[in-house]
Amino acid sequence: MDTTAQGLIDLYTRMRSDSSGMVTLWNDVGRMCLTRKVDALTAAINRTADATTSFTPYDSAIINSVAVDATTVNAAGCAAWITPSGGGWFKFEPLLEFKVDAVESWLANCTDIALTYLAASNFYTKVHELYIDRVVTGTTTLTCEAGRRSALVFRVFDPGSFIIADNDESEADMLFRERQFTARQAVEKFGSGNVSSKVRDDYGPKPNALHRYLQCVYPRPVNQQGKGGAAGFPFAEKWIDVAEKSQVTESGFEELPFFASRYLRWSEFSPWGVSPAMQALAEVRGVNFMDMLQATAAEVAVNPRIILPQNFQGVPDLRAGGITIGGASRDTFPQEWGTGARVDWMEPVIARKVKAVERLFHVPLFEQFQSIERQITATEVRAREVEKVARFSP
């Protein structure tokens, strides 16, 4: 594997090309379920603009919000039941051969410390964002870094802004992410001595000028591990100046610094995931189309089409209570036409499609738990889980 700046850029370009079909699918489901991130997906498809330079109105692509609501319920349910911020959702325990009181006590103390650090960071905000992205695009990433104001800083990359690759055990261990920094941000992150002369020139007079960088995280070859400092850690991180095609910084991690979550695997040979939004896409499009037809029929009923007799004299007043003068006889009056659409049959169809969307997003499962207003026993919880979770395969 060529780990020079040019070699990493070439590898990223090939991986980006290979994933273009998946990014297009993300864009399709994003326009129905996650419109606030359509800009990032559009930028990933076009490779012409950064997501921060444009804005897509929230309601520009959807008419019926059932998919948005279902996404919110699913993500909130995952956050509440998998990683609840108010409870101990994990604990460290010793292996059986080390199961003694002293070790158990020490690991219990480590659990409390870890939970305290997570609560003091932005973890719970970002993991909720992760659940939202995962239920829509099926693939998302969570990274953890040392922060300046808090000990830990977590980040969730927008769909389409990153590329991942798996190792031979189908675990994601390689990540590429292209992003823009202002000149001021680049100098603050990398240091004045590491950025290009162009960035340094912009830092004073044009601190908000944008420059594109490529973040590369990958397993360091075994023969390069063991060197002094971060440059010898098992996982390498390089930042590349895309315009200059030069390396800006190189560091490393003792452990994999990002976590890739797939709702379900697309296939054995694909690093990408499948989401409830993808499975429900046909129904989501259908319910939006039916709502559009219903809204069109209602609009025609309120503001009907008008046909004017030939040689009609006057102007029809279509306002409420308006008076139209003209027409010598009844058959020469303006008349409504094409207003016979029936809307009564649409409601059952829309309701059926809404129910199908909610089922594919597992909304009934989470609403079942949310409706419980009393303390229930562990046995009852287990019985309810067995009843509903059989269809919640991930």
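Right, let's walk through the structure included here. (Residues numbered from 1 in each chain as written. Predicted model: local features only at pLDDT ≥ 70, side-chain atom pairs only at ≥ 80, totals over all residues. Heavy atoms only, no water.)

Moving on: helix α7 (residues 183-190). Among the residues of α7, those classed as buried are Ala183, Ala186, Val187 and Phe190. The arc that holds every buried residue of α7, seen down its axis, measures 95°, which confines them to one face. Taken together, the buried residues of α7 touch β4 (172-182), α8 (197-203), β5 (210-219), β6 (235-241) and β7 (246-253). Of the residues flanking the end of α7, it is Gly191, one or two places downstream, whose phi is positive at about 95°. (Buried < 20%, exposed > 50% of the residue type's maximum accessible area, 1.4 Å probe, protein only. Helix = DSSP H or I, 4+ residues; strand = E, 2+ residues; numbered from the N terminus. Arc of directions from axis to C-beta. Contact = heavy atoms within 4.5 Å.)

Attention now moves to the pattern of salt bridges. Evaluation of the coordinates by the stated rule reveals 12 salt bridges. Arg265 serves as the salt-bridge partner of Asp166, at 2.6 Å between the closest nitrogen and oxygen. Of this pair, Asp166 sits in strand β3 (residues 162-166) while Arg265 sits in strand β9 (residues 264-265), and the two are 99 residues apart along the sequence. Judged by relative accessible area, which is 30%, Arg265 ranks as partly exposed. Note that Asp202 and Lys206 form a salt bridge whose closest N and O atoms lie 3.7 Å from each other. Shared partners join several salt bridges into a network, and the residues in it are Asp166, Arg262 and Arg265. (Salt bridge = Lys/Arg side-chain N within 4 Å of Asp/Glu carboxyl O.)

Before going further, it helps to examine unusual backbone geometry. Negative phi characterises most residues that are not glycine, and trans characterises most peptide bonds. The phi dihedral of Ser170 is positive, around 60°, even though this residue is not glycine. Here Ser170 lies in the loop between β3 and β4. Judged by relative accessible area, which is 31%, Ser170 ranks as partly exposed. Unusually for a residue other than glycine, Lys245 sits at a positive phi of about 55°. Here Lys245 lies in the loop between β6 and β7. Since its relative accessible area comes to 47%, Lys245 is described here as partly exposed.

On to the environment of Gly252, then. With respect to the element layout, Gly252 can be found in strand β7. Distance from Gly252 to Pro219, taken between C-alpha atoms, is 9.4 Å for residues 33 residues apart in sequence. Apart from the residues lying within four places of it in its own chain, the contact partners of Gly252 are Arg220, Ala230, Phe233, Phe235, Ala236 and Glu237.

Right, let's get into the sheet that holds strand β8 (residues 258-262). Spatially, 3 strands are ordered β2-β1-β8 in an open sheet, and the strand pairing comes out antiparallel. Each edge of the sheet is formed by a strand with only one pairing partner; in this case those strands are β2 (152-156) and β8. Ignoring which end each strand starts from, the neighbouring axes of this sheet average 20° apart. Inspection of the sheet shows strand β1 (residues 139-146) paired to β2 by 5 bridges, in the antiparallel sense. (Pairing = 2+ DSSP bridges. Axes fitted to C-alpha atoms, helices over the stretch in contact; angles between N-to-C directions.)

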